[in-house]
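# Fold and geometry: a report
Listed here are the chains, written in short residue letters.
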Amino acid sequence: MTPKTEAELAEIISGTEGPLRIEGGGTRPLGRVSNGARLSTSGLTGIELYEPGAMTLVAKAGTPLAEIVAALEAEGQRLAFEPMDHRGLLGTDGTPTIGGVVAANVSGPRRIQAGACRDFLLGVRFVDGQGRVVKNGGRVMKNVTGYDLVKLMAGSYGTLGVLTEVALKVLPRPRSSGMLLSEGLRDDRAITALSHALGSPYEVTGAAHLQRGQDGAPVTMIRLEGFENSVAYRAGELQSLLAGFGRFTLETDPAVTEAAWHHVRDVGPFHGREGDVWRISVKPTDAPGIVADLAGTEALYDWGGGLIWLLAPDGSGVNAARLRAAVAARGGHAMLIRGDRSRATFAPLPAPVAALQEGLRQKFDPRQILNPGLMAQGETA
Amino acid sequence: MQMPEPNPAILAKKAVLVERLQGVLPNDAVITEISETRAYECDALTAYKCPPLAVILPGSTQEVSDALAICHEMGVPVVPRGSGTSLAGGALPTADSVILGVARLADVLETDYDNRFIRVQTGRTNLSVTGAVEEHGFFYAPDPSSQLACAIAGNIAMNSGGAHCLKYGVTTNNLMGVTMVLMDGTVMELGGAHLEAEGYDLLGLICGSEGQLGVVTEATLRILRKPEGARPVLIGFNSNEVAGACVSDIIKAGVLPVAIEFMDRPCIRATEDFAKAGYPDCEALLIVEVEGSDAEIDEQLALIEGIARKHDPVELRQSRSAEESAKIWLGRKSAFGAMGNINDYMCLDGTIPVSQLPHVLRRIGEMSDQFGLDVANVFHAGDGNMHPLILFDANKPGDLELCEEFGAEILKLCVEVGGCLTGEHGVGIEKRDLMAHQYDPDDLAAQMDVKDVFDPKWLLNPAKVFPLDSSDPRRAA
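Because the structure is predicted, anything quoted here is derived from the model rather than measured.

A few words on the overall build of chain B. Looking only at helices and strands, one finds 18 helices and 18 strands in chain B. For 477 residues, the compact-globule formula gives about 23 Å, and the C-alpha radius of gyration of chain B, at 23 Å, lands near that figure. In terms of overall dimensions, chain B has C-alpha extents of about 70 × 55 × 40 Å along its principal axes. Within chain B, the proportion of its 477 residues that are buried is 57%. A fraction of 73% describes how many contacts in chain B between residues 6 or more apart in sequence connect residues 24 or more apart.

Moving on, we get to the overall build of chain A. Secondary structure summary: chain A contains 13 helices and 17 strands in total. A compact globule built from 381 residues should have a C-alpha radius of gyration of about 21 Å, and chain A, at 21 Å, falls within 12% of that. Taken along its principal axes, the extent of the C-alpha atoms in chain A is 65 × 50 × 35 Å. Every one of the 381 residues in chain A was classed for burial, and the buried ones make up 57%. Counting only contacts in chain A whose residues sit at least 6 apart along the sequence, the fraction spanning at least 24 positions is 71%.

Glancing now at the sheet that holds strand β12 (residues 230-237) of chain B. All names here are of chain B. An order of β15-β12-β14-β13-β17-β18-β16 is seen for the seven strands of this open sheet, with the pairing classed as antiparallel. Two strands in the sheet have a free side with no partner beyond their single neighbour: β15 (315-318) and β16 (344-347). Ignoring strand direction, the axes of neighbouring strands in this sheet form an average angle of 15 degrees. Of the pairings in the sheet, the one linking strand β17 (residues 375-380) to strand β18 (residues 388-392) comprises three bridges and is antiparallel in character. Each bridged residue has a counterpart across the sheet, and for Asn377 the counterpart in β18 is Pro388. Against the sheet, helix α15 (residues 399-416) contacts β16 and β18, and its axis sits at roughly 160 degrees relative to β18.

You'll often see interface size given as the accessible area lost when the parts meet. Counting residues at the interface gives 71 residues for chain A, matched by 74 residues for chain B. In terms of residues, the side of chain A that touches chain B owes the most to one element, helix α13 (residues 351-364) of chain A, which gives eight residues. Here the residues of the side of chain A that touches chain B are counted per class, giving 33 nonpolar, 24 polar and 14 charged.

Let us now look at the nonpolar core. In terms of nonpolar packing, the biggest core is built from 266 residues, with Ile308(A) and Leu286(B) touching the most fellow members. Sequence-distant contacts of Ile308(A), that is, excluding residues within four places in its chain, are made with Ile280(A), Val282(A), Ala287(A), Ile290(A), Val291(A), Ala299(A) and Tyr301(A).

Residue and element names in this part refer to chain A. Over its 12 residues, helix α8 (residues 187-198) extends 16 Å from the first C-alpha to the last, a length consistent with the 16 Å expected when each residue adds 1.5 Å. Of all 12 residues in α8, nine are buried, a share of seventy percent or more. If you check which residues of α8 are buried, you get Ala190, Ile191, Thr192, Ala193, Leu194, Ser195, His196, Ala197 and Leu198. Where α8 is buried, its residues contact α5 (111-114), β11 (204-210), β12 (219-226), α9 (228-241), α11 (287-293) and β15 (298-302).

Further remarks concern the pairing of β15(A). Remember that side chains alternate between the two faces of the sheet whenever the strand is regular. Residues and elements named next belong to chain A. Among the five residues in β15, five count as buried, and that is most of the element. Burial along β15 is two-sided: Glu298, Leu300 and Asp302 facing one way and Ala299 and Tyr301 facing the other are all buried. Bridging between β11 and β15 involves two bridges; their strand directions are antiparallel. By the bridge assignment for β15, His209 is matched with Tyr301. Here β15 folds back onto strand β16 (residues 307-312) in antiparallel fashion, the turn holding four residues, of which Trp303 has a positive phi close to 50 degrees.

Where α9(A) meets helix α11 (residues 294-309) of chain B, the closest approach of the two axes is 10 Å, and the angle between their N-to-C directions is 170 degrees. It follows from the interaxial angle that α9(A) and α11(B) lie roughly antiparallel. Side by side, α9(A) and α11(B) meet where Asn229(A), Ser230(A) and Tyr233(A) of the first sit next to Ala295(B), Glu296(B) and Glu299(B) of the second. Considering only residue class, the contact of α9(A) with α11(B) consists of two nonpolar, two polar and two charged.

If you check the backbone angles, Met55(A) has positive phi at about 55 degrees while not being a glycine. Along the polypeptide, Met55(A) turns up in the loop between β3 (47-51) and β4 (56-60). For Met55(A), a count of 25 C-beta atoms within 10 Å gives the class buried. The phi angle at Lys276(B) is positive, at roughly 50 degrees, despite the residue not being glycine. Along the chain, Lys276(B) falls in the loop between α10 (265-275) and β14 (284-291). The class for Lys276(B) is exposed, based on 11 C-beta atoms found within 10 Å.

Moving on: the pairing of β16(A). Residues and elements named next belong to chain A. Summarising burial for β16: six of the six residues are buried, a large majority. By the alternation rule, side chains of β16 split into Leu307, Trp309 and Leu311 and Ile308, Leu310 and Ala312, which are all buried. As paired elements, strand β14 (residues 276-282) and β16 share six bridges and run antiparallel to each other. Each residue of the ladder has a partner; that of Asp276, found in β16, is Ala312.

Calculation criteria
- Residues numbered from 1 in each chain as written.
- Chains lettered and ligands numbered in written order.
- Predicted model: local features only at pLDDT ≥ 70, side-chain atom pairs only at ≥ 80, totals over all residues.
- Helix = DSSP H or I, 4+ residues; strand = E, 2+ residues; numbered from the N terminus.
- Rg over C-alpha atoms; globule rule 2.2 N^0.38 Å.
- Buried ≥ 20, exposed ≤ 12 C-beta atoms within 10 Å, placed from the backbone.
- Contact = placed C-beta atoms within 7 Å.
- Pairing = 2+ DSSP bridges.
- Axes fitted to C-alpha atoms, helices over the stretch in contact; angles between N-to-C directions.
- Nonpolar A, V, L, I, M, F, W, Y, C, P; charged D, E, K, R; others polar.
- Core = buried A, V, L, I, M, F, W, Y, C linked by C-beta atoms within 7 Å.
- Expected span 1.5 Å × (residues − 1).
- Parallel < 35°, antiparallel > 145°, perpendicular 65-115°, else oblique.

This is the structure in structure tokens:
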């Protein structure tokens, strides 16, 4: 089913009896496979409003991400949260939609400085499991009118409602960018260096460490964006600040910088390689210890260490239980992004949090027809 | 402003309630004398007052949990209170409620500069969070103008903003985790020192829920390294339209100032009389501040100056020193004091799309003539968060009501042009009855469904946020 209007979508949901599998562009199949009928938002398309001077864009949920990116580029702006493209990692095709980005709260390397998708989400319209059309938030940057269901919808994977429209804050594209690179650092040294950089006043907008860079050696990457002189100045200051960690060379070709950070954003090192892929959110300084506990895996650290992308090959002996235990021992959570989807994808929740989550689900989808099983406690048992 | 009648059955249980609360709290943490509870009868929206049944000042999460469990069991409403600086009546008690103040929860629990966070108890004031980390060169970004007094608990409840949120975001963008107690006493952790809590974004949901979903006792907050420096430029224009166009052009040019403040003529005149900051006598004034090293600041200010020159400014003054910066900010920072010097005033908080600035200012001017009340505008122009200040005389019968009516019309206008009722102050009781202008019944029902889940008996911070007629059936259930 591919409704063309919000009203049509509401009618479908009100009228259906069986479960529904909610889809944007179908490029991010995560979690338990639902046996429901496919309901796609890809028929709800179009940019409704774009005011560059107000840094605001409103689009229907099924609008292809590429269309939005192109419209923003024409005005020298962008989605600052840098949403990841999952196709390379998951081996999917299709067209990523803005609604899918929001439903999965997808962010990229700049999340560490600029914020996540949910931080740029100003307003939503959605149809909940009762067929009720709900709007929340709006199109302005500051809004505390009533409860913030906007945040609740971001990252709820279509389990509370089907998004029909989203309003986003956008930002200017910086005039210039560059990055500092260092090869051969051990994980713990690299994360310490990144912590120093992120704790400096030099506005780092990307801080990653790849155990296996493009030529096989470990590479530590620090991104700077802004006016050309400012990038050069801050790069120089950071080189002095990090002198004790070895040599950081400056790359100033914007095309090289962009390609390198797309590689990090889309978890390029793991494309086409065998094994489960985990996304682990932790306190940055805990990250190297967790990875060290899970021998036989390969890690890509983003967000200064706060995000670990972990490749666990079949022979590594790293299973969900071992991995979740290593994370839980230090605080944080892990999500299975690629692997056997009949197993637990989302992190298990503490009982009182799980009770609230189930309570919300009962309210917004009392018939349990929206992506049933996904994000549910049964799923994570 | 209508509030529900106090429940006589609860009033009758006061003695038992107090005795039970004294059983779980230190003696001096349960306040029942009317002479002492009076200090809690209102917040910064002083037009409305009501002494509570009792006030409790727990000193730990466990004490909060124990006290809430008792109130829950006895069916007694609880009004959480930070420092009582709400301009929206968010901490206004009802006569049958217990005020739960977090003032005794003021400790710093952990600071971590490598991972860039601080964990505090939520009774701590906003400014003292920065105070705890500034010797290491860090700061906590949200900076509401009440930051000297306001508590983090209240900041979280109202999702407070400030002058610098154009660049750094508001509370919800800087909140990483909380310890929260539900009305039934259940203690839970959401988020923590890592980014992005697992499951639904409950952290995002409780931030800005005006103390109606739970009592937050501890918070993990993102801290940032202070920029090397900051300097403003002051630009005067002869029309609001041109000033608005200049704001839009600055944003489009790719500069992201840390703040863009806007003052209109009535506000400029009042602050000039009061603070003598040397502002030009013009229709509209912008203060644009940028951050970085000296050279970075110079480059950004030069770019802004170039844009402003295309709009024929009547005055353009770039700060070259800390002293000049202070002078430029002096008038803006004394704006509220200057208004208070003239008369009583009501401060509104609607937000509008930036493109609608000239239209909205013109309409406010017309309404000012119509209502016969003066209004001055001072606001965060970069994000469209307006703060019209309506002057009235509290001693003149009918003036407050007239002022409220005028304020409501301005807020309806904000919604009409695509904005919202409140950008950073919250709904509280002040804007409660206007909610139906922004939200349809289904929109409100979805929000009230959330309340049903977190607080099924509707005991936490009753009679706020939602119009009473829409919440009546749920509160009675």
